[in-house]
Amino acid sequence: MFDLYFGEMSRWNDGLILTAVMSTLSVVIGFFAALPIALARSKSKGILGFLALGYVNIFRGVPLLVLMFLIYYGSGQFSRELRGLGLWWFFRDAYYCGLLALVLNTAAYQAEIIRGSLDTISTSVLETNAALNLTRWTSFRRVLLPIAFAKALPPLGNEYILMVKATSLLAIITVFDLMGQARMIFSETFDLRVYYIAAAHYLVLVLLIEWGLRRFEARIKWMA
Amino acid sequence: MTWLNSLSYGSGGWGDELLHGLGVTLGLAIATFPVAIVLSFLIHWAKVSHYTPIRLFGRAYTTVFKSLPEILTLLILYYQSQAIVSWLVEAVAPGSHLSISPFVAGMMSLAFVISAYGSEVVRAALNAVGKGQFEAAASLGLSPFNAFFKVILPQVWRHAIPGFGNLWVILLKDTSLVSVITLFELTHVATIAINTTRQPFLFFGLISVIYVVLVTLSTRAQKQVEKRVSRGFIREETGHV
Amino acid sequence: MKSLFRISALSVAMSLSGLASATAETLRVGTEGAYAPFNSVSQDGAIEGFDVDIGNAICAVMEVECEWSVHDWGGIIPALNANKFDFMVASMAITPARQKAVIFTDPYYYNAMRFVKLKDVELDDAKPETLKGLTIGAQQGAVSAKVLDDWFADSDIKLFPKLGEALMDLESGRIDLVLASQFAIGDWMNDGVDCCEFVGESFLMDGTVGAGIAFRKDDAELQARVNKALKTIMDNGTYDEIRKKYFEFDIMSKPGYVSELFNQ
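Residues numbered from 1 in each chain as written. Chains lettered and ligands numbered in written order. Predicted model: local features only at pLDDT ≥ 70, side-chain atom pairs only at ≥ 80, totals over all residues. Heavy atoms only, no water.

Caption draft 1: Focus on the overall build of chain B. When helices and strands are tallied, chain B shows nine helices and zero strands. Ordering the α and β elements of chain B from the N terminus gives α-α-α-α-α-α-α-α-α. Considering only C-alpha atoms, chain B reaches an extent of 70 × 60 × 30 Å along its principal axes. Residues classed as buried in chain B amount to 52% of the 241 residues present. Considering only contacts within chain B whose residues lie at least 6 apart along the sequence, 70% involve residues at least 24 apart. As displayed, chain B has an accessible area near 11500 Å², and 67% of this comes from carbon and sulfur atoms. For chain B, the centre of its 16 positive side-chain charges and the centre of its 11 negative side-chain charges are spaced 10 Å apart. (Helix = DSSP H or I, 4+ residues; strand = E, 2+ residues; numbered from the N terminus. Buried < 20%, exposed > 50% of the residue type's maximum accessible area, 1.4 Å probe, protein only. Contact = heavy atoms within 4.5 Å. Areas by Shrake-Rupley, 256 points an atom, 1.4 Å probe, with all protein chains shown as cover. Lys, Arg positive; Asp, Glu negative; His and termini not counted. Charge placed at Lys NZ, Arg CZ, Asp CG, Glu CD.)

Caption draft 2: The overall build of chain C, seen in detail. Counting its secondary structure elements, chain C contains ten helices and 13 strands. C-alpha atoms of chain C, sized along the principal axes, occupy 60 × 50 × 35 Å. The proportion of buried residues among the 264 residues of chain C is 61%. Long-range pairs, those at least 24 residues apart, make up 70% of the contacts in chain C between residues at least 6 apart in sequence. When the accessible surface of chain C is split by element, carbon and sulfur atoms take 49% of a total near 11200 Å². Taking the average location of the 24 positive side-chain charges in chain C and that of its 40 negative ones, the two points are 5 Å from each other.

Caption draft 3: Structural context of the interface of chain B and chain A. Contact with chain B, which involves 34 residues of that partner, is made by 32 residues of chain A. In total, about 2700 Å² of surface goes out of reach between chain B and chain A, with carbon and sulfur atoms giving 75% of it. Looking at the side of chain B that touches chain A, the elements with two or more residues in it are helix 3 (52–67), helix 4 (70–92), helix 8 (186–197) and helix 9 (200–229) of chain B. (Buried area = accessible area lost by both parts, 1.4 Å probe.)

Caption draft 4: Broad picture of the UniProt feature "domain: Solute-binding protein family 3/N-terminal" (unreviewed entry) in chain C. As recorded in UniProt, the feature "domain: Solute-binding protein family 3/N-terminal" (unreviewed entry) lies at residues 26–250 of chain C. Secondary structure across residues 26–250 of chain C divides into 33% helix and 28% strand, with the first and last C-alpha atoms of the span separated by 32 Å. (UniProt positions renumbered as here; feature names shortened; annotations may be inferred.)

Caption draft 5: How the structure looks around the packing of helix 6 (residues 131–139) of chain B against helix 7 (residues 144–174) of chain B. Residue and element names in this part refer to chain B. Here helix 6 crosses helix 7 at 140 degrees, and the two axes come no closer than 10 Å. By the angle between their directions, the pair helix 6 and helix 7 is classed as oblique. Seen along the crossing, helix 6 lies across helix 7 with a hand that is right-handed. In contact with Gln133, Phe134 and Ala137 of helix 6, helix 7 contributes Pro144, Ala147, Phe148, Val151, Ile152 and Gln155. Residue composition of the contact of helix 6 with helix 7, by class: seven nonpolar, two polar and no charged. (Axes fitted to C-alpha atoms, helices over the stretch in contact; angles between N-to-C directions. Parallel < 35°, antiparallel > 145°, perpendicular 65-115°, else oblique. Left-handed = near helix turned anticlockwise from the far one by under 90°. Nonpolar A, V, L, I, M, F, W, Y, C, P; charged D, E, K, R; others polar.)

Caption draft 6: The pairing of strand 6 (residues 87–93) of chain C, seen in detail. All names here are of chain C. Where burial is concerned, most of strand 6 is hidden: seven out of the seven residues are buried. Side-chain alternation along strand 6 places Phe87, Val89, Ser91 and Ala93 on one buried face and Met88, Ala90 and Met92 on a second face that is also buried. Examined bridge by bridge, strand 1 (residues 26–31) and strand 6 share two bridges and lie parallel to one another. Looking across to strand 6, one finds that Gly30 is bridged to Met88. Of the strand pairs in this sheet, strand 6 and strand 13 (residues 211–215) are connected by four bridges, and their pairing is antiparallel. Residue pairing across strands places Met88 opposite Ala214, the latter belonging to strand 13. (Pairing = 2+ DSSP bridges.)

Caption draft 7: Quick peek at the pairing of strand 1 of chain C. Residues and elements named next belong to chain C. Burial within strand 1 is extensive, with five of its six residues counted as buried. Sheet topology places strand 1 next to strand 5 (residues 65–70); six bridges connect them, and they run parallel. Across the sheet, residue Leu27 finds its bridge partner in strand 5, namely Cys66.

Caption draft 8: Broad picture of the environment of Asp93(A). All names here are of chain A. By secondary structure assignment, the location of Asp93 is in the loop between helix 6 (88–92) and helix 7 (94–120). Here Asp93 falls in the partly exposed class, since its relative accessible area comes to 26%. Here the alpha-carbon distance between Asp93 and Tyr72, two residues 21 residues apart in the chain, equals 8.7 Å.

Caption draft 9: Highlighting the domain arrangement of chain C. All names here are of chain C. Here chain C is partitioned into domain 1 (26–110 + 208–252) and domain 2 (113–203). Distance from the C-alpha centre of domain 1 to the C-alpha centre of domain 2: 25 Å. Opposite the 16 residues of domain 1 that make contact, domain 2 presents eleven residues. Inspection of the region where domain 1 meets domain 2 yields zero salt bridges. Considered class by class, the residues forming the side of domain 1 that touches domain 2 number twelve nonpolar, two polar and two charged. (Domains from an automatic or database assignment. Salt bridge = Lys/Arg side-chain N within 4 Å of Asp/Glu carboxyl O.)

Caption draft 10: Just the UniProt feature "transmembrane region" (unreviewed entry) in chain B, in detail. UniProt feature "transmembrane region" (unreviewed entry): in the numbering of this structure it lies at residues 20–44, 56–79, 99–117 and 201–221 of chain B. The annotated region residues 56–79 of chain B carries 92% helix and 0% strand content, and the separation between its end C-alpha atoms amounts to 26 Å.

Caption draft 11: Structural context of a nonpolar patch on the surface. On the surface, Met1(A), Phe2(A), Phe6(A), Met9(A) and Tyr196(A) cluster together into a nonpolar patch covering about 520 Å² of accessible area. Inspection of the secondary structure puts Phe2(A) in helix 1 (residues 2–6). (Patch = residues over 30% accessible without salt bridge, like charges linked within 9 Å, V, L, I, M, F, W, Y side chains within 5 Å.)

Caption draft 12: The sheet that holds strand 8 (residues 113–118) of chain C, seen in detail. All names here are of chain C. Ordered in space as 10-9-11-8-12, the five strands form an open sheet in which the pairing is mixed. At either end of the open sheet lies a strand with only one pairing partner, and these are strand 10 (156–160) and strand 12 (196–203). The average undirected angle you get between the axes of adjacent strands in this sheet is 25 degrees. Note: strand 9 (residues 135–139) against strand 10, five bridges, orientation parallel. Its bridge partner being in strand 10, Ile136 is matched across the sheet by Ile157. Against the sheet, helix 5 (residues 143–151) makes contact with strand 8, strand 9, strand 10, strand 11 (177–181) and strand 12, and its axis sits at roughly 145 degrees relative to strand 9, the strand it touches most.

Caption draft 13: Geometry of the sheet that holds strand 2 (residues 34–35) of chain C. Residue and element names in this part refer to chain C. Taking strand neighbours across the sheet as the criterion, the three strands line up as 2-3-4 in an open arrangement whose pairing is antiparallel. Looking at strand neighbours, the two that pair on one side only are strand 2 and strand 4 (47–48), the edges of this open sheet. Across two bridges, strand 3 (residues 39–41) lies against strand 4 in antiparallel orientation. By the bridge assignment, Val41 is partnered in strand 4 with Ile47.

Have a look at this one:
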């Protein structure tokens with residue numbers, strides 16, 4: 001067991017770093033992508049609200065594995081057209097394609113989480129803001145957003161952990177995260193213990209993130 | 001319009017294979033779901049057990065299956081369960097063999113993962129029903145067994161349906177992962193079709209639409225069931241509980 | 001709804017049917033199913049190709065029933081060792097690393113690898129010096145991946161779970177070359193692909209002795225039986241008939257090793 005870990009240490013570390021970076025990036029970018037969608041879902045009854053609902057339903061409906069294949073190999077089929085549009089530099093890169101799939105997926109889930117917490121902010125907060133003569137933008141940015149974020153933190157934390165697990169699918173489009181490295185070492189050593197080492201990595205990573213989130217939650221609990 | 005040909009039904013196209021793959025996808029989800037629900041209750045009880053080893057097992061189960069990527073759980077179970085089963089069969093009846101099919105391996109691992117989340121749905125639903133119901137049933141002289149199945153369980157469903165509904169949708173999508181151990185479900189059929197047709201956009205696009213439709217239909221059905229089980233709990237005029 | 005239940009019930013039942021007694025001998029044969037023309041899955045779900053025909057001919061000589069199944073390449077040796085099937089006919093090159101995990105028959109053909117490149121990429125020869133800085137694709141866990149790792153350190157190497165995926169990425173221009181079996185690439189190019197062409201000579205990885213049929217280490221008895229049957233079909237002309245169905249040329253001729261090619 002130890003030789004499978006120490007003998008391949010640099011590959012395990014590369015995989016671990018890639019998993020951590022890709023999941024963190026996708027959650028953070030996904031959060032900012034989710035904000036306008038959540039606002040549209042929460043406040044707009046018109047076409048914007050409808051579009052936001054459509055976005056959420058589509059990207060929560062497609063399995064991430066299929067979405068990754070679709071974006072990566074699907075775009076490859078149109079490489080000539082994408083070159084013409086000047087977009088090929090983006091789709092050419094497996095990392096960008098993988099990140100795009102992760103962000104599209106998590107933004108749909110995060111939008112629903114943020115919408116849920118926006119909807120629970122009582123009207124008295126809004127009235128207070130109006131009484132203080134805050135503009136709608138200031139009131140959103142300085143008051144509503146921080147409160148919504150604090151309220152949404154536990155489910156957003158869960159989403160972060162789900163994203164750590166979701167990055168394991170990057171391996172199918174040639175991005176070697178923890179799972180990808182594990183599958184590579186497995187295909188060379190034919191040793192099942194490789195997957196137990198990968199499992200230990202994920203367990204430690206997830207428990208660490210949970211611990212960090214709990215501390216962070218405790219600090220901003222007063223706002224929620 | 002050559003792409004239409006590749007989707008046609010019959011020997012020239014992939015229509016019938018995709019339909020068969022859809023059947024396997026639904027079959028896997030439908031076969032797994034009841035197992036996952038029963039496991040959810042068992043794991044919940046393990047977590048509130050008075051016996052420390054059982055309680056620890058329940059906690060470890062939830063932590064492990066909630067932390068590991070589903071695909072890793074699937075691969076470990078697929079290879080490890082075969083090694084264990086082969087060893088057992090060899091001990092009981094030397095010379096014969098029992099294969100753990102990708103279907104069974106997929107069913108087991110998805111049931112484990114879904115029930116780790118499901119045990120929390122059960123906990124919340126049982127809390128919502130309240131301890132008082134159980135105590136009342138006990139004071140009426142019902143055995144714990146009867147109290148659970150006749151009094152508690154019928155009320156639990158009402159609170160558990162939204163949670164289990166979400167898990168059903170997750171399960172439906174997670175069946176796509178079993179393609180990695182070559183179960184011929186929807187996603188795997190699409191990858192095989194792409195191997196010969198080299199039309200990834202068409203086939204992955206098509207199965208994406210199929211998954212979205214399945215999920216949308218499931219959500220609709222869930223809303224209907226929720227309405228049905230809430231009858232008598234909701235004021236018709238206001239819609240409030 | 002009822003028929004859906006039937007489908008799932010059927011799948012479960014099928015999984016249990018593997019419990020066969022040893023008297024009516026059925027052997028389970030594993031392959032990858034994504035490596036045309038050697039093994040692939042057809043539109044009606046049948047597993048077919050050169051490997052499958054060879055395997056069936058061997059089973060016919062041995063007078064046993066053969067049951068085929070497909071497995072992910074990256075996990076195919078563990079699947080064999082986990083007893084998911086009895087032997088593997090999957091164009092697997094015999095290498096010392098693999099011989100530590102399984103045992104092989106004599107080679108049933110020589111699967112030389114060769115580079116295929118985009119026509120847009122200007123190259124006269126494929127050598128470590130000329131491919132410096134280019135992106136090369138290969139299948140994860142294949143001997144070609146090992147060759148790239150050992151000899152092409154200055155190139156960008158990209159590994160794919162399936163060969164077909166590497167070829168799709170070549171066609172779209174994400175990668176410049178693919179290193180794989182020249183026969184598998186030839187089959188792909190015959191399928192109406194005009195993006196790409198062969199470059200350089202074909203070669204074997206050092207230490208490989210061609211493609212063999214694999215068994216669990218404790219199954220030397222079956223290995224001996226299959227090896228004998230393989231010899232029979234090679235001697236009685238069955239092998240050549242099957243070979244002619246797929247290839248117009250001899251696939252038993254042994255190409256040079258990679259070290260002879262690049263060490264000059």
